[in-house]
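The chain contents come next:
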Amino acid sequence: MAYIEPAPIKDRENPLESMMERFNIAAEKLGLSDEVYNVLKNPAKQVIVSLPITMDNGKIQVFEGIRVIHSNILGPAKGGIRFAPDVHLDEVRALAAWMTWKCAVVDIPYGGAKGGVRCNPREMSKGEIERLVRAYTMAMIDVFGPDKDIPAPDMGTGPREMAWLMDEFSKAHGMTIPAVVTGKPLVLGGSLGRTEATGRGVMVSALAAMQKLKINPFTATCAVQGFGNVGSWAARLLEERGLKIVAISDHTGAFYNEKGINIVEAIAYRDSNNGTLEGFAGGERLENAADLLTLKVDVLVPAAVEDVITTANADQIKAKLIVEGANGPTSAKADAILNEKGIMAVPDILANAGGVTVSYFEWVQNRLGYKWTADRVNRRSDRIMKDAFDNVYQASIKYDVPMRIAAYIVAIDKVAQTYTYRGGY
Ligand code: GLU
């Protein structure tokens, strides 16, 4: 029986510390009481399970599964499940807290949660992944529930995994319960517009920020790091709105084209190429993929992983605007450098909240037993994203703080007020 050793925290800034540093600044600006501070600082629940899975070679491998519920003050906890080889508890705790702040920023009635399973889905068969999803669901059978904790896709998972989760949970309860999970395939109660929702929200917040900074989308250039669901949709929708996407990348490399990359072609290439951009001919391959981040562009969209903009490269960033498609792409220590340089960062908890917003619409539709049109979904999510942007922008003026701290202030204030009304023991 093989057992995977706990993943070491990588040589990077700890995302939990990065989250807490911003939380502390916002709490101080808000004058948050010590009592409420302590409630919001600690996750409400953390569950760690061992998942023994029979692999295709007949051997049993034990995987570690994590679910952290940071808060259920605003409503049932909500957040994706990440399948990645290096996922660790501190990361999931940070991601769960970010979900709490994210849901509060866009004013949807959810708390925050996140799940993680330490595995490499790229090296697993479909059957192995299915068994892992079903085992994880059964291990969390008392944690999940449409009024308790509602998972969704995150890195390494998608509609296919959500379908297995919904099926396993439903079987255990003897009835079909679609509202236990969002990001499902359309035929299983998924929502129109959910797939592109995060990228679409990135586009809406980028355009709102560009308006404030007086950047004309029709002459603006943009680099997008990450070409998964979020990055590719953000690139495609920003291209449709007039921006020239000069660089894109995924885990296989980065590609640059001064004249602009045709994003529709890049997506078609990726889809025909095992899901990667390897060998893509629509741009020249950059020697060092991380150089994408320091290109001279107007808009930079990090839409891959945490901690890519750090003290190591923040002073070389040339973009005027950063719009965070990923969760936690900028470390707390890099914030000060970006602020000093006058670069606006639309923070993750605002910029990528389009995904959870349409997850909320999916849950609402499941509970109504009714389907909305794509037009209704998009109109409503665009309005929520635009209102949230304006709200955070106003807070940044009122408190004289960068957009990131303003977003935390808006979120923490809402959760703290709700907690005060609900009360503790
Ligand atoms: N994993 C996504 C996020 O980080 C979506 C979560 C959800 O839809 O619940 O926002």
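Structure shown above.
Residues numbered from 1 in each chain as written. Predicted model: local features only at pLDDT ≥ 70, side-chain atom pairs only at ≥ 80, totals over all residues. Heavy atoms only, no water.

Q: Hey, could you run me through unusual backbone geometry in this one?
A: Glycine aside, residues mostly have negative phi, and peptide bonds are mostly found in the trans state. Positioned with a positive phi, N274 is a non-glycine residue whose angle comes to about 65°. Structurally, N274 can be placed in the loop between α8 (263-272) and β10 (284-285). Overall, the relative accessible area of 78% leaves N274 in the exposed class. Here the phi dihedral of D400 falls at roughly 55°; this positive angle occurs in a residue that is not glycine. Looking at the secondary structure, you find D400 in the loop between α12 (374-398) and α13 (403-422). Classification of D400 as exposed rests on a relative accessible area of 68%. (Helix = DSSP H or I, 4+ residues; strand = E, 2+ residues; numbered from the N terminus. Buried < 20%, exposed > 50% of the residue type's maximum accessible area, 1.4 Å probe, protein only.)

Q: Please clarify how the packing of aromatic side chains should be interpreted in this entry.
A: Each pair of aromatic rings is reported with the distance of its centres and the angle of its planes. Counting across every chain of the model gives eleven aromatic pairs. Ring centres of Y269 and F280 lie 5.6 Å apart, and the angle between their planes is 55°; on these two criteria the pair is classed as tilted. A residue pair is termed long-range when its members are at least 10 positions apart, and Y269 in helix α8 and F280 in the loop between α8 and β10 qualify at eleven residues. Each ring, one from F389 and one from Y393, has its centre 6.1 Å from the other, and the planes form 15°; the classification is stacked. Residue F389 and its partner Y393 are both found in helix α12; the two are separated by four residues, about one turn of the helix. For the residue pair F389 and Y393, the accessibility class agrees, reading buried in each case. (Phe/Tyr/Trp six-rings, centres within 6.5 Å; stacked < 30°, edge-to-face > 60°.)

Q: Teacher, can you tell me more about the pattern of salt bridges here?
A: Close approach of charged atoms lets side chains of opposite charge pair. Across all of its chains, the model carries 26 salt bridges by this definition. Here R134 and D167 are joined by a salt bridge, their closest N and O atoms 2.8 Å apart. Taken together, the positions of R134 in helix α4 (residues 126-139) and D167 in helix α5 (residues 159-173) put the pair 33 residues apart, joining distant regions of the chain. Each of R22, E324, D335, D348 and R404 takes part in salt bridges that share partners, so that together they form one network. (Salt bridge = Lys/Arg side-chain N within 4 Å of Asp/Glu carboxyl O.)

Q: Can you help me understand the site of the ligand in this one?
A: Near the ligand you find 14 residues, and of these K78, K102, P153, D154 and S359 are the closest. In this structure, K78 approaches the ligand through a side-chain N or O atom, which is 2.8 Å from an oxygen atom. In this structure, R194 approaches the ligand through a side-chain N or O atom, which is 3.1 Å from an oxygen atom. Those elements giving two or more residues to the shell around the ligand turn out to be β4 (77-84), α3 (89-105), β6 (149-153) and α11 (354-368). Of the residues in the shell around the ligand, the class split is four nonpolar, five polar and five charged. (Near = heavy atom within 4 Å. Polar contact = N/O pair within 3.5 Å; in protein donor to acceptor, adjacent residues only side chain to side chain. Nonpolar A, V, L, I, M, F, W, Y, C, P; charged D, E, K, R; others polar.)

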